[in-house]
Amino acid sequence: MKSYSFENARSAEAFRISPNDSNYFAILFDPAKATTDAIFVIEIFNVGGATPPNSHSAAHEFFYVLHGEGVASSDGEEMTIGKGDAFLLNPGSVHIVRNTGKGKLYTLTVMTPNQDFSELIRSGERVTLDEDDIRILQGR
């Protein structure tokens with residue numbers, strides 16, 4: 001077994017959980033690709049997009065904003081978010097992330113432990129990352 005894993009943005013698998021969702025995920029690492037009990041994704045929110053209200057009973061969820069702007073809410077409290085902002089949600093937190101900007105919102109999202117999030121994402125429809133997605137994922 002290798003002691004490391006490597007991923008390139010161009011080869012990341014991407015999924016939308018439900019056809020009506022306005023966000024999708026580029027999987028960097030998850031239990032299906034690496035020896036980890038966490039999941040590491042780039043979460044991409046279309047203009048006006050948002051997560052449905054959700055919570056995780058046993059997992060912490062971390063977000064780091066790579067590009068764009070939005071609003072994050074947790075248990076009724078809201079904060080505006082933009083490039084360079086980070087926030088950590090504790091297990092049980094009911095939360096929503098919304099894109100309020102003029103372009104897509106990109107976050108590095110990590111959930112630990114995975115708590116079947118990887119399996120939920122992978123059960124959705126496969127999507128193709130566009131050139132803007134690749135550019136942002138590559139830090140350009």
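Residues numbered from 1 in each chain as written. Predicted model: local features only at pLDDT ≥ 70, side-chain atom pairs only at ≥ 80, totals over all residues. Heavy atoms only, no water.

Caption draft 1: Main features of the environment of F63. When you line up the elements, F63 lands in strand β4 (residues 60-67). Setting aside anything within four residues of it in sequence, one finds F63 in contact with E43, D85, A86, F87, L89, V97, T107, L108 and T109. (Helix = DSSP H or I, 4+ residues; strand = E, 2+ residues; numbered from the N terminus. Contact = heavy atoms within 4.5 Å.)

Caption draft 2: Main features of the side chain of E43. Mapped onto the elements of the fold, E43 is located in strand β3 (residues 39-45). For the buried residue E43, which engages in no salt bridge, the nearest side chain bearing the opposite charge is R16, 10 Å off. Only 2.8 Å separates the side chain of E43 from the side chain of N23, close enough to count as a polar contact. Engagement of the side chain of E43 in a polar contact is seen with the side chain of T109, the distance being 3.2 Å. Setting aside its immediate chain neighbours within four residues, E43 contacts N23, Y24, F25, T51, F63, L105, Y106, T107 and T109. (Buried < 20%, exposed > 50% of the residue type's maximum accessible area, 1.4 Å probe, protein only. Lys, Arg positive; Asp, Glu negative; His and termini not counted. Salt bridge = Lys/Arg side-chain N within 4 Å of Asp/Glu carboxyl O. Polar contact = N/O pair within 3.5 Å; in protein donor to acceptor, adjacent residues only side chain to side chain.)

Caption draft 3: View of the sheet that holds strand β2 (residues 23-29). Strands sit in the order β7-β4-β9-β3-β2-β1-β10 across an open sheet of 7 strands; the sheet is antiparallel. Unpaired on one side and paired on the other, β7 (86-89) and β10 (125-127) mark the two borders of the sheet. Averaged over all neighbouring strand pairs, the angle between strand axes comes to 30°, with direction disregarded. Direction of pairing for β2 relative to β3: antiparallel, over a ladder of 6 bridges. In the sheet register, Y24 faces β3, and the bridge partner there is I44. (Pairing = 2+ DSSP bridges. Axes fitted to C-alpha atoms, helices over the stretch in contact; angles between N-to-C directions.)

Caption draft 4: The arrangement of the nonpolar core in detail. Ranked by size, the top nonpolar core spans 14 residues in total, and within it Y24, A26, I42, I44, Y106, L129 and L137 carry the most contacts. Contributing elements (two or more residues each) for this core: β2, β3 and α2 (131-137). Contacts of L129, omitting those with residues within four sequence positions, involve A9, A12, A14, Y24, A26, I44, I134 and L137. (Core = buried A, V, L, I, M, F, W, Y, C linked by side-chain atoms within 4.5 Å.)

Caption draft 5: Quick look at the sheet that holds strand β8 (residues 95-99). With respect to topology, 3 strands assemble into an open sheet ordered β6-β5-β8, the strand pairing being antiparallel. Whereas interior strands pair on both sides, the edge strands pair on one side only; in this sheet they are β6 (77-82) and β8. Across the sheet, the axes of successive neighbouring strands diverge by a mean angle of 20°, strand direction being ignored. Sheet topology note: the strand β5 (residues 69-74)/β6 ladder contains 6 bridges and is antiparallel.

Caption draft 6: Inspection of unusual backbone geometry at higher detail. The omega torsion of the bond from T112 to P113 falls at -5°, within 30 degrees of zero and hence cis. Position of P113 among the secondary structure elements: in the loop between β9 (105-112) and α1 (117-122). Phi is positive for D75, close to 50°, though the residue is something other than glycine. In this structure D75 comes out as exposed when scored by relative accessible area, which is 54%. Residue D116 is not a glycine yet carries a positive backbone phi of 65°. Within the secondary structure, D116 is located in the loop between β9 and α1. A relative accessible area of 54% places D116 in the exposed class.

Read these as layout, nothing more, since geometry by itself doesn't imply function.
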